[in-house]
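# Observations on chain architecture
What follows is each chain in one-letter form.
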Amino acid sequence: MDEQYENYVKYNLDECEQHVKNGLNNYVDVGFALKRIRDGELFKPQYEKFQYYVTERWQMTNPYASRLILAAEVYSRLRGGYPCIFPKNEAITRELVKITPVELQVEAWKKFIDRIPENQITAKKLREFLLESGKSGIWKTVDAIFFQDVTKTNGIEGIGIL
């Protein structure tokens, strides 16, 4: 590695790490900072893999870091869709990550916030809404697809929360 590239990596890593340190209570900032670190491989050469970096540097599991990254991406999609209310935590956003195709995440969120008062928004209520409204075939959630497979094999009818 040449010196200019090493300086570039160090500067970007320092900047991203400052976002993680300052934003441990802000899942969106942390998710985007971790995404920049992962995608730019800014954790190298100190760490061989991203999962080692997040575990050793931030005492965070790789799956949790991945969830933060995905949540930040969903949040960004929502901002582009102009809803007036945004998910206040990663657990709520995690439910939207399950919607396929991803283009429908904004539509699902808008429909949900039209039905639920802002002070009553929870991950559980969103999950229930997505599973119930997913039965109409507008979108599928990973949970709904899994549940349909389970009900076929167990002979159970209906929809449920996993």
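Residues numbered from 1 in each chain as written. Predicted model: local features only at pLDDT ≥ 70, side-chain atom pairs only at ≥ 80, totals over all residues. Heavy atoms only, no water.

What follows covers the confidence of the model for the chain. Looking at the chain as a whole, its pLDDT mean stands at 80, while 80% of the residues score no less than 70. Averaged pLDDT values for the elements of the chain fall to 40 in helix α8 (residues 142-154) and rise to 96 in helix α3 (residues 50-58). Counting interchain partners and residues more than four positions distant, the pLDDT-below-50 stretch residues 144-162 has 19 contacts. (pLDDT = per-residue confidence, 0-100. Helix = DSSP H or I, 4+ residues; strand = E, 2+ residues; numbered from the N terminus. Contact = heavy atoms within 4.5 Å.)

Turning to the side chain of S133, a few remarks are in order. The residue S133 is located in helix α7 (residues 123-134) in this model. Assessed through its relative accessible area of 15%, S133 is described here as buried. A distance of 2.7 Å separates a polar side-chain atom of S133 from the backbone oxygen of F129. (Buried < 20%, exposed > 50% of the residue type's maximum accessible area, 1.4 Å probe, protein only. Polar contact = N/O pair within 3.5 Å; in protein donor to acceptor, adjacent residues only side chain to side chain.)

Below, the discussion takes up the packing of aromatic side chains. Enumeration over the complete set of coordinates arrives at nine aromatic pairs. Between Y75 and F86, the ring centres sit 5.2 Å apart and the planes meet at 40°, which makes this aromatic pair tilted. One end of the pair, Y75, is in helix α4 (residues 62-81); the other, F86, is in the loop between α4 and α5 (90-97), and eleven residues separate them in sequence. Its relative accessible area of 24% is what places F86 among the partly exposed residues. Summarising the aromatic geometry, the rings of W109 and F112 are spaced 5.7 Å apart at their centres and angled 40° between planes, so their arrangement reads as tilted. With W109 and F112 both in helix α6 (residues 105-115) and three residues apart, the pair spans about one turn of that helix. (Phe/Tyr/Trp six-rings, centres within 6.5 Å; stacked < 30°, edge-to-face > 60°.)

We now examine the packing of α4 against α5. Packing of α4 against α5 brings their axes to within 9 Å, and their N-to-C directions diverge by 75°. Accordingly, the angle class assigned to the pair α4 and α5 is roughly perpendicular. Every residue of α5 that contacts α4 at Y64, R67, L68, L70, A71, V74, Y75 and L78 is listed here: E90, T93, R94, L96 and V97. Residues of the contact of α4 with α5, tallied by class, amount to nine nonpolar, one polar and three charged. (Axes fitted to C-alpha atoms, helices over the stretch in contact; angles between N-to-C directions. Parallel < 35°, antiparallel > 145°, perpendicular 65-115°, else oblique. Nonpolar A, V, L, I, M, F, W, Y, C, P; charged D, E, K, R; others polar.)

To continue, consider α5. Residues of α5 that are buried: E90, I92, T93, E95 and L96. The distance from a side-chain oxygen at the start of α5 to the backbone nitrogen of A91 is 3.1 Å, and the residue carrying that oxygen is N89.

Mapping Q18 onto the fold places it in helix α1 (residues 3-22). Placed twelve residues apart in sequence, Q18 and V30 show a C-alpha to C-alpha distance of 9.4 Å.

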